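Notes for the structure review
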Amino acid sequence: EAQVTQNPRYLITVTGKKLTVTCSQNMNHEYMSWYRQDPGLGLRQIYYSMNVEVTDKGDVPEGYKVSRKEKRNFPLILESPSPNQTSLYFCASSLAGFTGELFFGEGSRLTVL
Amino acid sequence: SQQGEEDPQALSIQEGENATMNCSYKTSINNLQWYRQNSGRGLVHLILIRSNEREKHSGRLRVTLDTSKKSSSLLITASRAADTASYFCATDVSTGFQKLVFGTGTRLLVSP
């Protein structure tokens, strides 16, 4: 089954404790991206990747890092989480570039205390 | 501000009724997409309409696009309780790199 898998789905952590949200897709997509979803603000792109070792900042990259060492994986790293990073995070992948159909993961709800 | 903005923000109807949601955008586009999101879940792609298309159908979904008015509408016919979800439009923008920009969504509640 074609899917994008994120882990963890739910996480409560404290300020400053580094965490990683993993994302893996099994569709051999080149394009992957991370979004955060906040009430009233819709989905905002954090980082994106066009291929292995090619990543770039989206609209709200501050406080986040990513890596793309393998085509299928695109982890999101919060080096020192802060309460304003409390949000619902989505990983997405696409075959036809970032303006084609996006396949989303189920989301990771992160709370930073 | 958002490239795409949906209207209304919330819509409540009875099963069997039709639901219409609208999306307005600001800049020229190549395509516009609609996605559905069940509460707290991932977004699911519903339909893509290109700028040279005026109307597209998929099952009970009908999407129209009016590029002169920079607007699109999503019509769900004969709604079911299972259609309860948030619906988002997404438009492609070119800011040195093409990407999708999502609106803030319409929350649809279909009551049995």
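Preceding block: the structure.
I will try to describe carefully the structure that is included in this document. (Residues numbered from 1 in each chain as written. Chains lettered and ligands numbered in written order. Predicted model: local features only at pLDDT ≥ 70, side-chain atom pairs only at ≥ 80, totals over all residues. Heavy atoms only, no water.)

**Things to note about the interface of chain A and chain B**
We count it as follows: Any two residues whose heavy atoms approach within 4.5 Å at even a single point are treated as in contact. Should a side-chain nitrogen of Lys or Arg be within 4 Å of a carboxyl oxygen of Asp or Glu, the pair is scored as a salt bridge. The term polar contact refers here to a pair of N or O atoms within 3.5 Å; inside protein, the definition further demands a hydrogen-donor-capable atom paired with an acceptor-capable atom, and it admits residues adjacent in sequence only when both atoms are side-chain atoms. Runs of H or I in DSSP of at least four residues are treated as helices and runs of E of at least two as strands, each being numbered from the N terminus. Each residue is assigned to one of three groups, with Ala, Val, Leu, Ile, Met, Phe, Trp, Tyr, Cys and Pro labelled nonpolar, Asp, Glu, Lys and Arg labelled charged, and all others, Gly among them, labelled polar.
Taken together, the contact pairs 22 residues of chain A with 20 residues of chain B. There are one salt bridge connecting chain A and chain B. Remark: the boundary between chain A and chain B carries four residue pairs in polar contact (both at pLDDT 80 or more). For the side of chain A that touches chain B, the secondary-structure elements that each account for two or more residues are strand S4 (31-38), strand S5 (42-51) and strand S9 (87-94) of chain A. A total of five residues in the side of chain A that touches chain B trace back to one element, the largest contributor, which is S5(A). Residues belonging to the side of chain A that touches chain B are distributed by class as follows: 10 nonpolar, seven polar and five charged.

**Some details on the environment of B:Tyr25**
All names here are of chain B. This is how it is decided: Working definition: with a 1.4 Å probe on protein chains only, accessible area under 20% of the residue-type maximum means buried, over 50% means exposed, and in between means partly exposed.
Along the polypeptide, Tyr25 turns up in strand S3 (residues 19-25). Tyr25 sits in the buried class, given a relative accessible area of 7%. Taking C-alpha positions, Tyr25 is 27 Å from Ala78, a pair spaced 53 residues apart along the chain.

**Observations concerning the sheet that holds strand S1 (residues 4-7) of chain A**
Residues and elements named next belong to chain A. Defined as follows: Two strands are counted as paired when DSSP detects at least two bridges linking them.
With antiparallel pairing, four strands are arranged side by side in an open sheet as S1-S3-S8-S7. In this open sheet, the two strands that pair with only one neighbour each are S1 and strand S7 (65-66). Of the pairings in the sheet, the one linking S7 to strand S8 (residues 76-78) comprises two bridges and is antiparallel in character. Residue Lys65 lies in a different strand from S8, and its bridge partner there is Ile77.

**Some thoughts on the layout of surface pockets**
This is how the line gets drawn: Think of a 1 Å grid over just the protein atoms. A cavity is a set of points where a 1.4 Å probe fits yet cannot get out, a pocket is an open set with protein on both sides within 12 Å along at least five of seven lines, and lining residues have an atom within 4 Å of a point. Grid points are joined across faces, edges and corners, and a volume is the space filled by probe spheres set on the points.
By volume, the largest pocket is sized at about 550 Å³. Looking at the largest pocket, it is lined by 23 residues, and the ones nearest its centre are A:Gln37, A:Pro39, B:Ser86, B:Phe88 and B:Arg107. Looking at the lining of the largest pocket, the elements with two or more residues in it are S4 and S9 of chain A together with strand S9 (85-94) and strand S11 (106-111) of chain B. Taken together, the residues that form the lining of the largest pocket break down as five nonpolar, 15 polar and three charged. As a volume, the second largest pocket reaches approximately 290 Å³. Lining of the second largest pocket is provided by 17 residues; of these, A:Ala2, A:Gln3, A:Val4, A:Phe104 and A:Glu106 occupy positions nearest its centre. Mapped by element, the contributors of at least two residues to the lining of the second largest pocket are S1 and strand S10 (103-104) of chain A together with strand S5 (43-50) of chain B. Considered class by class, the residues forming the lining of the second largest pocket number seven nonpolar, six polar and four charged.

**A short note on the sheet that holds strand S6 (residues 55-58) of chain B**
Residues and elements named next belong to chain B. Worth spelling out the cut-off: For helices, the axis comes from a line fit to the C-alpha atoms of the stretch in contact; other axes are also lines fit to C-alpha atoms, and the angle between any two N-to-C directions lies between 0 and 180 degrees.
Spatial ordering of the open sheet is given by S1-S3-S8-S7-S6, a layout of five strands whose pairing is antiparallel. Every interior strand has two partners, whereas the edge strands, strand S1 (4-7) and S6, have only one. For this sheet, the mean inter-axis angle between neighbouring strands, taken without regard to orientation, is 20°. Two strands pair when backbone bridges link them, and S6 and strand S7 (residues 61-66) are joined in this way by four bridges, in the antiparallel orientation. Bridged to Glu55 within S7 is Thr64.

**Overview of the pairing of strand S8 (residues 71-76) of chain B**
Consecutive side chains of a regular strand alternate in pointing toward one face of the sheet and then the other. Residues and elements named next belong to chain B. Counting buried positions along S8 yields five of six residues, so the element is predominantly enclosed. Strand direction decides the pairing type here: S3 and S8, joined by six bridges, are antiparallel. Bridge pairing in S8 links Ser24 to Ser71. Where S7 lies against S8, six bridges are found, and the strand directions are antiparallel. Bridge pairing in S8 places Arg62 opposite Leu75. Once S7 ends, the chain turns through four residues before running back antiparallel as S8, passing Lys70 with a positive phi of about 50°.

**Comments concerning the nonpolar core**
So the rule is basically this: Only buried residues count toward a nonpolar core. Its members are Ala, Val, Leu, Ile, Met, Phe, Trp, Tyr and Cys residues joined through side-chain atoms within 4.5 Å.
With 21 residues, the main nonpolar core has B:Met21, B:Leu32, B:Trp34, B:Leu74, B:Ile76, B:Tyr87 and B:Leu108 as its most contacted residues. Where this core is concerned, the elements lending two or more residues are strand S2 (10-14), S3, strand S4 (31-37), S5, S7, S8, S9 and S11 of chain B.

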